[in-house]
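Structure assessment
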Amino acid sequence: MKHHVLAAALVNELVRREKTVATAESCTGGWVAKCLTDVAGSSAAFEFGWVSYANRAKTEMLGVPATTLETHGAVSEPVVAAMAAGAKAASGADYAVAISGIAGPGGGSPDKPVGLVWFGWAVPNSDVQTRCWRFEGDRNAVRTLSCETALEGVLSRL
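Being a predicted model, the structure only gives us computed values, none of them experimental.

1. Comments concerning the overall build of the protein chain
- A count of helical and extended segments in the protein chain gives six helices and five strands.
- A compact globule built from 158 residues would reach a C-alpha radius of gyration of about 15 Å, and the protein chain, at 14 Å, matches this within 12%.
- Dimensions of the protein chain, computed from C-alpha atoms along their principal axes, come out at roughly 45 × 30 × 20 Å.
- A buried classification covers 50% of the 158 residues belonging to the protein chain.
- In the protein chain, the share of contacts with a sequence separation of at least 24, taken over all contacts with a separation of at least 6, comes to 62%.
- Carbon and sulfur atoms make up 51% of the accessible area of the protein chain, which amounts to about 7,300 Å² in all.
- Taking the average location of the 14 positive side-chain charges in the protein chain and that of its 15 negative ones, the two points are 1 Å from each other.

Structure follows, in structure tokens:
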């Protein structure tokens, strides 16, 4: 599977560069952290991961302001940027990736349809970089593609 290949490539490159990554996941439920820890030797590159599925977890664990959640909703650019920044700050990692989306099959709306996923990448010496995708498919497909996109995003930012 592509996410296993990406995770191995990311861990190997992080170890080679002596860098670390942290994760802050909502709709993927820890899948990115699982893929990273499936790689032997990943403890040299990965120490922290948060599954912040509920809004309360986003505020209490990652420091996402409650007003940002109330104003923009959990699946939004400001929230995912705050999740990534919070994960990087709390972990001390060099990089952090955050994911928040609507995996379905329910929970979508005209403004935020099923398959909409926001990503944030906190990187050294830069503002958090964000991007939004709309994935097609069932819940598993949306989550799989989200995991792959998150890993690819960190790898491309090394």
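Now that the structure has been shown, the text picks up again.
2. Section: the pattern of salt bridges
- In this structure the tally under the stated criterion is five salt bridges.
- The salt bridge involving Glu152 is made with Lys2; its shortest N-O contact spans 2.8 Å. Taken together, the residues Glu152 in helix α6 (residues 139–156) and Lys2 in helix α1 (residues 2–17) connect sequence positions 150 residues apart.
- Glu152 sits in the partly exposed class, given a relative accessible area of 30%.
- The residue Glu13 makes a salt bridge to Arg17 at a minimum N-O spacing of 2.6 Å. Within this pair, Glu13 and its partner Arg17 are both found in helix α1, separated by four residues, close to a single helical turn.
- Linked by salt bridges that have partners in common, Glu13, Arg16 and Arg17 make up one network.

3. Here's the deal with unusual backbone geometry
- For the bond from Gly104 to Pro105, the omega torsion is 5°, close enough to zero to count as cis.
- Tracing the sequence through the fold places Pro105 in the loop between β3 (95–101) and β4 (116–122).
- Positive phi, normally seen in glycine, also occurs at Glu18, with a value near 60°.
- Take Glu18: it is sitting in the loop between α1 and β1 (21–25).
- Given the relative accessible area of 71%, Glu18 is considered exposed.
- Residue Asn125 is not a glycine yet carries a positive backbone phi of 55°.
- Given a relative accessible area of 83%, Asn125 falls into the exposed group.

4. Quick word on the sheet that holds strand β5 (residues 129–134)
- If you trace the five strands from one edge of the open sheet to the other, you get β2-β1-β3-β4-β5, paired in mixed fashion. Strand pairing shows two members of the sheet lacking a second neighbour, β2 (46–51) and β5, which therefore form its edges. Ignoring which end each strand starts from, the neighbouring axes of this sheet average 15° apart.
- Where β3 meets β4, six bridges bridge the pair, whose relative direction is antiparallel. Looking across to β4, one finds that Gly101 is bridged to Val117.

Basis of the calculations
- Residues numbered from 1 in each chain as written.
- Predicted model: local features only at pLDDT ≥ 70, side-chain atom pairs only at ≥ 80, totals over all residues.
- Heavy atoms only, no water.
- Helix = DSSP H or I, 4+ residues; strand = E, 2+ residues; numbered from the N terminus.
- Rg over C-alpha atoms; globule rule 2.2 N^0.38 Å.
- Buried < 20%, exposed > 50% of the residue type's maximum accessible area, 1.4 Å probe, protein only.
- Contact = heavy atoms within 4.5 Å.
- Areas by Shrake-Rupley, 256 points an atom, 1.4 Å probe, with all protein chains shown as cover.
- Lys, Arg positive; Asp, Glu negative; His and termini not counted.
- Charge placed at Lys NZ, Arg CZ, Asp CG, Glu CD.
- Salt bridge = Lys/Arg side-chain N within 4 Å of Asp/Glu carboxyl O.
- Pairing = 2+ DSSP bridges.
- Axes fitted to C-alpha atoms, helices over the stretch in contact; angles between N-to-C directions.

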